[in-house]
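Coordinates in review
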Amino acid sequence: MLRDWVNSNNSMKIERNIPKMNKTVYFLSSSQQRSLIAEGWAEKLNVSDWSFKSAGWVTENRAEFSVLAMKELCIDISTFPLTRIEMNELGNASVIVAIQDTEFDDKIEIPSELEDKVIYWNLPNPRKRSATLIEEWVHYQEICDEIAMRVKDLENLLPQLH
């Protein structure tokens, strides 16, 4: 099912040089791995006037498993920049998707004036839930699929937002 969705979009590599859009979805996760995956999937959506950005609240190296899981689906996130949350950009976002493992991740503190823009996704953190590299790889594949379905749901929601 996911491969059909990817193949129907005919894009092997996502172009990052897109013009500035009116509305932005800002994906956040602890180390940015899950938000990078979400950004990669979001770039496949058929929504106009929306741009997508991801960031993390902890500085960390890129997880090779997140890149490999997406490459299996012909989505290249290896060139997406690793960035920390910038509050001014967060304030300018139309929608904020906070991706957090409520059991294992530290809670991100989003300013109260932005709470009406936030969608919370409680999704497992593959690095923190894995005891072995094999488990981590399996978790990244599973989380990639779960994020794909949640991002796909945004395709119906975003056009309804002003």
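Let me sum up the structure you'll find in this document. Keep in mind that what you see is a predicted model, and the values were worked out from it rather than measured. (Residues numbered from 1 in each chain as written. Predicted model: local features only at pLDDT ≥ 70, side-chain atom pairs only at ≥ 80, totals over all residues. Heavy atoms only, no water.)

**Looking at the packing of aromatic side chains**
For the structure on display, the rule yields four aromatic pairs. Their ring planes at 25° and their centres at 6.4 Å tell us that Phe27 and Phe52 sit as a pair that is stacked. Of the two residues, Phe27 sits in strand E1 (residues 23-29) while Phe52 sits in strand E2 (residues 50-56), which places them 25 residues apart along the sequence. For Phe27, a relative accessible area of 0% puts it in the buried group. (Phe/Tyr/Trp six-rings, centres within 6.5 Å; stacked < 30°, edge-to-face > 60°. Helix = DSSP H or I, 4+ residues; strand = E, 2+ residues; numbered from the N terminus. Buried < 20%, exposed > 50% of the residue type's maximum accessible area, 1.4 Å probe, protein only.)

**Re the environment of Trp137**
Note that Trp137 resides in helix H5 (residues 133-157). Distance from Trp137 to Ala69, taken between C-alpha atoms, is 8.0 Å for residues 68 residues apart in sequence. With near-sequence residues (within four places) excluded, Trp137 lies in contact with Phe65, Leu68, Ala69 and Glu72. (Contact = heavy atoms within 4.5 Å.)

**Some details on the environment of Thr79**
Here Thr79 is to be found in the loop between helix H3 (64-71) and helix H4 (87-92). Expressed as a C-alpha distance, the spacing of Thr79 and Val67, which sit 12 residues apart in the sequence, is 9.5 Å.

**So, the pattern of salt bridges**
Applying the stated criterion across every chain yields a total of eight salt bridges. Notably, a salt bridge pairs Arg34 with Asp105, separated by 2.7 Å at the nearest N-O pair. You can see Arg34 sitting in helix H2 (residues 33-42) and its partner Asp105 sitting in the loop between strand E3 (95-100) and strand E4 (118-122), a full 71 residues away along the chain. You can call Arg34 buried: its relative accessible area is 2%. Here Glu146 ties to Arg150 by a salt bridge, and the two come within 2.8 Å at their closest N and O atoms. Highlighted residues: Glu146 and Arg150, both in helix H5, separated by four residues, approximately one helical turn. Assessed through its relative accessible area of 33%, Glu146 is described here as partly exposed. For Arg150, a relative accessible area of 25% corresponds to the partly exposed category. (Salt bridge = Lys/Arg side-chain N within 4 Å of Asp/Glu carboxyl O.)

**Points about the packing of H2 against H5**
With their axes 9 Å apart at the nearest point, H2 and H5 run at an angle of 50° to one another. Our classification of the angle between H2 and H5 gives oblique. H2 and H5 meet at a crossing whose hand is right-handed. Residues Gln33, Arg34, Ile37, Ala38, Trp41 and Ala42 of H2 form the contact with H5, whose participating residues are Tyr140, Ile143, Cys144, Ile147, Ala148 and Val151. Across the contact of H2 with H5, the residue classes break down as 10 nonpolar, one polar and one charged. (Axes fitted to C-alpha atoms, helices over the stretch in contact; angles between N-to-C directions. Parallel < 35°, antiparallel > 145°, perpendicular 65-115°, else oblique. Left-handed = near helix turned anticlockwise from the far one by under 90°. Nonpolar A, V, L, I, M, F, W, Y, C, P; charged D, E, K, R; others polar.)

**Examining H2**
The buried fraction of H2 is high, at 10 of 10 residues. Considered for burial, the residues of H2 that qualify are Gln33, Arg34, Ser35, Leu36, Ile37, Ala38, Glu39, Gly40, Trp41 and Ala42.

That is the geometry; function is a separate question.
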